[in-house]
Amino acid sequence: MQKTILITGATSGFGKACAQKFADNGWQLILVGRRKERLKEIKKELSEKVNVYTIPLDVRIRKDVMTKLSSIPGELSQIDVLVNNAGLALGLEPAHDADLDNWDQMIDTNNKGLVYVTRAILPGMVERNSGLIVNIGSISGNWPYPGGNVYGATKAFVLQFSRNLRADLLGKNIRVTNIEPGLAETEFSIVRFDGDVEKARKVYQNTKALTAGDIADIIWWLANIPEHVNINNLEVMPTFQAWGPLAVYREE
Ligand code: NDP
Ligand code: 8X3
């Protein structure tokens, strides 16, 4: 039987690359994102290969998540893999200068949206006693950096939520993996810097960041390892990224 993957945040970056990877391998796709035009374009391209169902949806709106995800057509409703990827960072200001609306949006998307989608899809997986949930966390959930304040905290939540899902699902044939990417060139920094493409470009300048395809390849691998193997957590950085020393403030 043809397998089905549901990807949130499928209009760009990791999510879009993941849609392409699974379509190339014959999986049916359910693609979620806010930008309808992008969903339309991706559907047009990928439905030449596979069955594609798009859901224009803002994952922050609980009622819409529950309604739209419960009305997926029958032939697609048995979801084998859920990729909770929709998310964003907004701003890089220190906490005392940060915009509270940005904080709200990150928490609402990266955490509340992710748990709504999980809660909508998980009962079907439990009923079928089968499934894989891939949550997209971040190295920022493990390693603090200036300006990472709420964004990093939302990703620490994703890590702990993933582990707690594992605890709840013990005895069931359902796997949960938290992937924690480091520097990866997508639209992430353009969003973080409110559309400032030049500032975003500098983040990836003169280095070799991860690509969206690298993360899609990892998700494909996770979907294909034996069902009795659960990768709990997978932190992945570009070779050209590592930790610096701890910072020490010194008076002049
Ligand atoms: P992109 O900006 O390229 O993609 C983000 C995706 O999330 C878009 O498809 C966007 O779609 C979707 N999205 C954002 N808000 C919502 C919402 N409210 N409802 C539905 N969809 C939403 O960035 P990435 O591909 O890099 O990011 C994907 C995930 O990876 C995020 O969770 C990010 O935090 C995480 N990550 C990114 C890293 C990086 O360096 N790039 C590193 C570590 C983690 P639309 O706007 O159409 O709704
Ligand atoms: C994205 C990686 O280091 O910019 O989650 O926070 S980082």
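Everything that follows concerns the structure shown earlier in this document.
Residues numbered from 1 in each chain as written. Chains lettered and ligands numbered in written order. Predicted model: local features only at pLDDT ≥ 70, side-chain atom pairs only at ≥ 80, totals over all residues. Heavy atoms only, no water.

Ile5, Phe22, Leu29, Leu31, Val83 and Ile219 are the most contacted members of the largest nonpolar core, which has 36 residues in total. Going through the elements one at a time, strand E1 (4-8), helix H1 (13-24), strand E2 (28-33), helix H2 (36-46), strand E4 (81-84), strand E5 (131-136), helix H8 (212-224) and strand E9 (233-236) are the ones with two or more residues in this core. Take this core: its biggest share by element is 8 residues, from H8. With residues near it in sequence (within four places) discarded, Ile5 still touches Cys18, Phe22, Trp27, Gln28, Leu29, Ile30, Val81 and Val83. Counting residues in hydrophobic clusters, the runner-up holds 23 residues, among them Leu6, Val65, Ala86 and Tyr116. (Core = buried A, V, L, I, M, F, W, Y, C linked by side-chain atoms within 4.5 Å. Buried < 20%, exposed > 50% of the residue type's maximum accessible area, 1.4 Å probe, protein only. Helix = DSSP H or I, 4+ residues; strand = E, 2+ residues; numbered from the N terminus. Contact = heavy atoms within 4.5 Å.)

Within the structure, ligand 2 sits among Ser138, Ile139, Ser140, Tyr145, Tyr151, Phe188 and Arg192. With respect to ligand 2, the side chain of Tyr145 contributes an N or O atom lying 2.6 Å from an oxygen atom. Here an oxygen atom of ligand 2 sits 2.6 Å away from a polar atom, N or O, in the side chain of Tyr151. By residue class, the composition of the shell around ligand 2 is 4 nonpolar, 2 polar and 1 charged. (Near = heavy atom within 4 Å. Polar contact = N/O pair within 3.5 Å; in protein donor to acceptor, adjacent residues only side chain to side chain. Nonpolar A, V, L, I, M, F, W, Y, C, P; charged D, E, K, R; others polar.)

Moving on, we get to the pairing of E2. With 6 of 6 residues buried, E2 lies mostly within the body of the structure. What you see with E2 is no split at all: Gln28, Ile30 and Val32 on one side and Leu29, Leu31 and Gly33 on the other are buried throughout. Bridge count for E1 against E2 is 5 bridges, and the pairing is parallel. Of the residues in E2, the one forming a bridge with Thr4 is Gln28. (Pairing = 2+ DSSP bridges.)

It is worth spelling out the packing of helix H3 (residues 62-70) against helix H4 (residues 100-128) at this point. Across the interface, H3 lies against H4 with an axial gap of 9 Å and an inter-helix angle of 25°. Judged by the angle between their axes, H3 and H4 are roughly parallel. As for the relative orientation of H3 and H4, their crossing is right-handed in sense. On H4, the residues that touch Arg62, Val65, Met66 and Leu69 of H3 are Tyr116, Val117, Arg119, Ala120 and Ile121. Residue composition of the contact of H3 with H4, grouped by class: 7 nonpolar, no polar and 2 charged. (Axes fitted to C-alpha atoms, helices over the stretch in contact; angles between N-to-C directions. Parallel < 35°, antiparallel > 145°, perpendicular 65-115°, else oblique. Left-handed = near helix turned anticlockwise from the far one by under 90°.)

The next subject is the pattern of salt bridges. Summed over the entire model, instances satisfying the criterion amount to 8 salt bridges. A salt bridge links Asp24 to Lys49; the nearest nitrogen and oxygen atoms lie 2.5 Å apart. On the criterion of sequence distance, the pair formed by Asp24 in helix H1 and Lys49 in the loop between H2 and strand E3 (52-56) is long-range, its members being 25 residues apart. Residue class for Lys49 comes out partly exposed when judged on its relative accessible area of 47%. One salt bridge connects Asp58 with Arg60, and the closest N-O pair in it is separated by 2.7 Å. Classification of Asp58 by relative accessible area gives buried; the value is 15%. It is possible to trace a salt-bridge network through shared partners that takes in Arg35, Arg38 and Glu187. (Salt bridge = Lys/Arg side-chain N within 4 Å of Asp/Glu carboxyl O.)

Moving on, we get to the environment of Ala242. Turning to its location among the elements, Ala242 is positioned in the segment after E9. Once the C-alpha coordinates of Ala242 and Gly182 are considered, the two residues, 60 residues apart in sequence, prove to be 9.3 Å apart.

Right, let's talk about H1 for a bit. Helix length check: H1, at 12 residues, gives a terminal C-alpha distance of 17 Å against a target of 16 Å (1.5 Å per residue), a fit within 8%. Looking at H1, one finds that the buried residues are Gly13, Phe14, Gly15, Ala17, Cys18, Ala19, Phe22 and Ala23. With its phi angle positive at about 85°, Gly26 sits one or two positions after the end of H1. (Expected span 1.5 Å × (residues − 1).)

This part is about the site of ligand 1. Around ligand 1 lies a shell of 29 residues, among which Thr11, Ser12, Arg34, Tyr151 and Thr186 are the nearest. Between ligand 1 and Gly182, the relevant distance is 3.5 Å, taken from an oxygen atom to a main-chain nitrogen or oxygen of the residue. Between Thr186 and ligand 1, the recorded distance is 2.6 Å, taken from a side-chain N or O atom to an oxygen atom. Among the residues forming the shell around ligand 1, the class breakdown is 11 nonpolar, 12 polar and 6 charged.

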